[in-house]
Amino acid sequence: MAKNRSTGSLNKAQEGAVLATDGPILIAAGAGSGKTRVLVHRIAHLIELGVHPDAILAITFTNKAAEEMRSRVTKLIAKNMNRDISSMHRDSRLMPWVGTFHSFAAYILRESGVSLGIPKSFSIIDEEDSLALIKESLRELELDPKQFEPRRIRGVISRKKNELETIERFRIKALEYFPKVVTQVWEHYDEKLKKSKALDFDDLLSYSVKLLADFPDTLDKYQERWKYIHIDEYQDTNLVQYHLTLLLAKKYRNICAVGDIDQAIYSWRGADFRNILHFERDWPDAKLITLEENYRSTQLILNAANAIIVKNKFRVPKNLYSRLESGSKIALFEAAEENEEALFIAELIGRLHKDGIKFTDMAVLYRTNFQSRVIEEKLLELNIPYQVIGTKFYERREIKDALAYLKIALNHDDLISKKRILNMPPRGIGKVLAVRIIAGDELSPKDQKKTDEFNSLIEKIKNSASKTKASGVIKYLIKETGLEDYLNDGTEDGAMRLANIEELVSLGSRHDSKEPPEGISTMLEEVALMSAEDTMKKEENSVKLMTVHAAKGLEFKAVFVAGLEEGLFPHHSILGEEMEMRDEEERRLFYVALTRAKEKVFLSYAIFRTIFGERKINRPSTFLFDIPEDLLEKAPEKIITLE
DNA sequence: TGATCCAGTTTTTTT
DNA sequence: AACTGGATCA
């Protein structure tokens, strides 16, 4: 550990990955094998070799990972070159472009999307808005939402967009009734997006591929700009992302992909880990490097993790090992029901804290978000500080409302946002009137007056946005729209929502240095593409609660994995397609959970659990039987007696 | 128009 | 058990 974490030294494999700067390279990086470190060193090394930072691109899975990479690269370069960090930050051209696929796509579409008829000021809609548009489309097509579930339709369209399918091609193949309905809805939906000058998450990716594929000059421009390309979490790329990568890299062929098939957990989102397997086919001269030494966990934890993952058929054999001493066994706790499980976890966290482990060094992981509730309750009871990585900041209603005002200010045609705030706060524009306004119908004088007032309000905000710094615009908007008065209703809930909007102001202030409309537009973009964790304000000294998916890439001294019951984890979804694949993905997910832990793992399950108000009896997860018994320490004594 | 009530649904994971 | 959307009423 000391060797790897300390200043300079890399192990042989890592060093090889850092030094192989030219040509295609695939790094198979096991969990905790220091891949971020390798990427950071590689980028720093490139810069030292004289590559201009601006010619380096790095795609990460989350904005948080991007942020970390940027700051670590900056520090390393500053150290190596004896430079002042602050002067580097000031000039963004001295930094590589680091971000997620989605933010990258948004970036190039804003810059060059006009060729595709995408205006610079396009809005980005989230999943919720997208679903609302689908519902609206169904309604307008007079299709029964009971018969054609909006979520399912949206799912198909999203999947298709990520497969680079077009409506035209899909229509030809759609012979049965359901696909025909999907085609209709899809067409309607895209039409609505176009009217609003809005793109959904999937459009960002598919349009950027279209842009690069159809416009050679544009492609060339970007190929010339980014000559060194890095893609992290390559196992979780889907077809569009794969094509985007290929297009960008094919000219200079300096592509570095990093990934681990054993940690592929996003197939339900269209990710295909075979992209990794195809790497050698796509780049026959690719250099292959495997990082197998783990610097994170004890060997005992790795033994358990390895025992889990060897059961998968779809993988390239790899054996993670650690030089960290064996450490304590994995604790397994059987609870009668979920309250007892939660109490066990909370109590144990308290005990570990007394033993000197910081709250920040502990995390509770689970398969589904709803499981956090009980655990939160018990942590609250025992006065243990915690933070749930769950609902995203921008998904909160009040935040979306405030953002909608900003979005309209920058994109007048954004009907989706307009609909949202026409009557928010309430100003006498009900459903009927709202529909008429959106449709552009003739209005009664009274209604016209209301509409004019709304429009002039938007005009005022637009005005403010064009000359006030970002935080100032938000402050102005809260007051001027009446949102503040509306939320300030004396209730606790209202106070909380108001506090959230205040938070938005401080988020905006991070962009205050930019020229007026730009601060707001960058903020909107950032906010739209932020993950749950990105938006959490860092609270030191608190236990983190999150899904295993959200925990990807993170590490903690002590990790609790709750709800290890057959059906919950592994999750049994009704979607029976490709059972075996789903099964293996659940297994990988558990593997990811285990490998988050540095020192100690606590596994637990509840015999009875209430889901949807229904009490169900469960068997322990099959995963538990796959861990060799000598690594387990069963049922610690009950810590507290239940009431 | 907007508040209130009831029935039906929800939970897999997320950029 | 909690949240949504639709129906009903003031």
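Values in this document were obtained by computation on a predicted structure and should not be read as measured data.

The rules behind each value
Residues numbered from 1 in each chain as written. Chains lettered and ligands numbered in written order. Predicted model: local features only at pLDDT ≥ 70, side-chain atom pairs only at ≥ 80, totals over all residues. Heavy atoms only, no water. Helix = DSSP H or I, 4+ residues; strand = E, 2+ residues; numbered from the N terminus. Buried < 20%, exposed > 50% of the residue type's maximum accessible area, 1.4 Å probe, protein only. Contact = heavy atoms within 4.5 Å. Areas by Shrake-Rupley, 256 points an atom, 1.4 Å probe, with all protein chains shown as cover. Core = buried A, V, L, I, M, F, W, Y, C linked by side-chain atoms within 4.5 Å. Salt bridge = Lys/Arg side-chain N within 4 Å of Asp/Glu carboxyl O. Expected span 1.5 Å × (residues − 1). Patch = residues over 30% accessible without salt bridge, like charges linked within 9 Å, V, L, I, M, F, W, Y side chains within 5 Å. Lys, Arg positive; Asp, Glu negative; His and termini not counted. Charge placed at Lys NZ, Arg CZ, Asp CG, Glu CD. Near = heavy atom within 4 Å. Polar contact = N/O pair within 3.5 Å; in protein donor to acceptor, adjacent residues only side chain to side chain. Pairing = 2+ DSSP bridges. Axes fitted to C-alpha atoms, helices over the stretch in contact; angles between N-to-C directions. pLDDT = per-residue confidence, 0-100. Parallel < 35°, antiparallel > 145°, perpendicular 65-115°, else oblique. Left-handed = near helix turned anticlockwise from the far one by under 90°. Nonpolar A, V, L, I, M, F, W, Y, C, P; charged D, E, K, R; others polar.

S.K.: Before we move on, can you summarise the overall build of chain A with the specific residues and values?
M.R.: When its secondary structure is counted, chain A shows 30 helices and 18 strands. Here the C-alpha coordinates of chain A stretch approximately 80 × 65 × 60 Å along the principal axes. Sorting the 643 residues of chain A into buried and exposed places 53% on the buried side. Residue pairs in contact within chain A that sit at least 24 positions apart in sequence constitute 78% of those at least 6 positions apart. As displayed, chain A offers around 29700 Å² of accessible surface, 52% of which is attributable to carbon and sulfur atoms.

S.K.: Can you tell me about the nonpolar core, naming the residues and giving the values?
M.R.: Nonpolar side chains tend toward joint burial in soluble globular proteins. With 42 residues, the main nonpolar core has L57, F104, L204, L212, W226 and F279 as its most contacted residues. Only β2 (56-60), α6 (101-112), α11 (201-214), α12 (216-225), β6 (228-231), α13 (239-249) and β7 (255-259) provide two or more residues apiece to this core. With residues up to four places along the chain from it excluded, the contact list for L212 reads I108, T218, L219, Y222, L244, L247 and L248. With 41 residues, the next largest nonpolar core counts L554, F556, L564 and F569 among its residues.

S.K.: Tell me what's going on with the pattern of salt bridges, and back it up with residues and numbers.
M.R.: Counted by the stated rule, this structure contains 52 salt bridges. Of the charged contacts, one joins D200 and K161 as a salt bridge, the two residues approaching to 3.0 Å between their closest N and O atoms. Of this pair, D200 sits in strand β5 (residues 198-200) while K161 sits in helix α8 (residues 150-162); the two residues are 39 residues apart in sequence, bridging distant segments of the chain. One exposure class covers both D200 and K161, and it is buried. The closest approach of N and O atoms between K173 and E165, which form a salt bridge, is 2.6 Å. Judged by relative accessible area, K173 falls into the exposed class, the value being 55%. E165 sits in the buried class, given a relative accessible area of 12%. Connected through shared salt-bridge partners, K35, D232, E233, D236 and K552 make up one network.

S.K.: Go over the environment of G428, please, and point to the residues and values.
M.R.: Of note, G428 is situated in the loop between α20 (415-421) and α21 (431-439). Separated by 225 residues in the primary sequence, G428 and D203 have C-alpha atoms spaced 35 Å apart. Here G428 is in contact with N423, L433 and K450, once residues within four sequence places are set aside.

S.K.: For the environment of A470, give the residues involved together with the corresponding values.
M.R.: With respect to the helices, strands and loops of the structure, A470 is situated in helix α23 (residues 470-481). Each C-alpha atom of the pair A470 and G508 lies 5.3 Å from the other, and the pair is 38 residues apart in sequence. Residues in contact with A470, not counting those within four places in the same chain, are G508, H511, D512, G519 and I520.

S.K.: Before we move on, can you summarise α11 with the specific residues and values?
M.R.: The first and last C-alpha atoms of α11 sit 20 Å apart over 14 residues, in line with the 20 Å expected at 1.5 Å per residue. Those residues of α11 lying buried are D202, D203, L204, L205, S206, S208, V209, L211 and L212.

S.K.: Give a description of a positive patch on the surface that names residues and reports values.
M.R.: Where like charges cluster on the molecular surface, the positive patch consists of K135, R139, R151 and K431. Position of R151 relative to the elements: it lies in helix α8.

S.K.: Describe the protein's contact with DNA strand B, and please don't skip the residues or the numbers.
M.R.: Surveying the vicinity of DNA strand B reveals 27 residues, the closest of which are H102, R367, N369, N423 and S531. Each atom of DNA strand B within 4 Å of the protein was assigned to sugar, phosphate or base; sugar and phosphate come to 49%. Residue N423 places a side-chain N or O atom 2.8 Å away from a phosphate oxygen belonging to DNA strand B. Side-chain polar atom of T547 to a phosphate oxygen of DNA strand B: 3.1 Å apart, as the coordinates give it.

S.K.: Describe the sheet that holds strand β3 (residues 97-100), with residues and values.
M.R.: Within the open sheet, the six strands sit side by side as β3-β2-β6-β7-β1-β8. Their pairing is parallel. Of all the strands in the sheet, the pair left with one neighbour each is β3 and β8 (287-291). Strand after strand, the sheet turns through a mean of 15° between neighbouring axes, direction not considered. Taken strand by strand, α13 contacts β2, β6 and β7, and its axis lies near 160° from that of β6.

S.K.: An account of the side chain of T298 is needed here, citing residue identities and associated values.
M.R.: Relative to the assigned elements, T298 resides in the loop between β9 (293-294) and α16 (299-309). With a relative accessible area of 6%, T298 lands in the buried category. Setting aside its immediate chain neighbours within four residues, T298 contacts S322, L324, E325, S326, G327, K598 and E599.

S.K.: An account of the confidence of the model for chain A is requested, with residue identities and associated values reported.
M.R.: The predicted structure's coordinates, where accompanied by low pLDDT, should not be read in detail. Looking at chain A, pLDDT values average 89 and 94% of them are 70 or higher. Here residues 1-7 is a poorly scored stretch, pLDDT under 50, and it has 16 contacts once near neighbours within four places are set aside; other chains count. This stretch, residues 639-643, has a pLDDT under 50; its non-local contacts, to residues over four places away or in other chains, come to nine contacts.

S.K.: Summarise the packing of α8 against α11; cite the residues concerned and give the values.
M.R.: The contact between α8 and α11 brings their axes to 9 Å, and the two run at 20°. When the axis of α8 is compared with that of α11, the two are roughly parallel. Two packed elements cross with a definite hand, and for α8 against α11 that hand is left-handed. Across the interface between the two elements, S158, K161 and N162 of α8 pack against D202, D203, L205 and S206 of α11. Class assignment of the residues belonging to the contact of α8 with α11 gives a composition of one nonpolar, three polar and three charged.

S.K.: An account of the packing of helix α19 (residues 397-410) against helix α26 (residues 516-528) is requested, with residue identities and associated values reported.
M.R.: Relative orientation of the contacting elements α19 and α26 amounts to 125°, with a least axis distance of 11 Å. Viewed along their axes, α19 and α26 adopt a mutual orientation that is oblique. Judged by the twist between their axes, the crossing of α19 over α26 is left-handed. Residues L403, L406, K407 and L410 of α19 form the contact with α26, whose participating residues are P517, I520, S521, M523, L524 and V527. Taken together, the residues of the contact of α19 with α26 break down into eight nonpolar, one polar and one charged.

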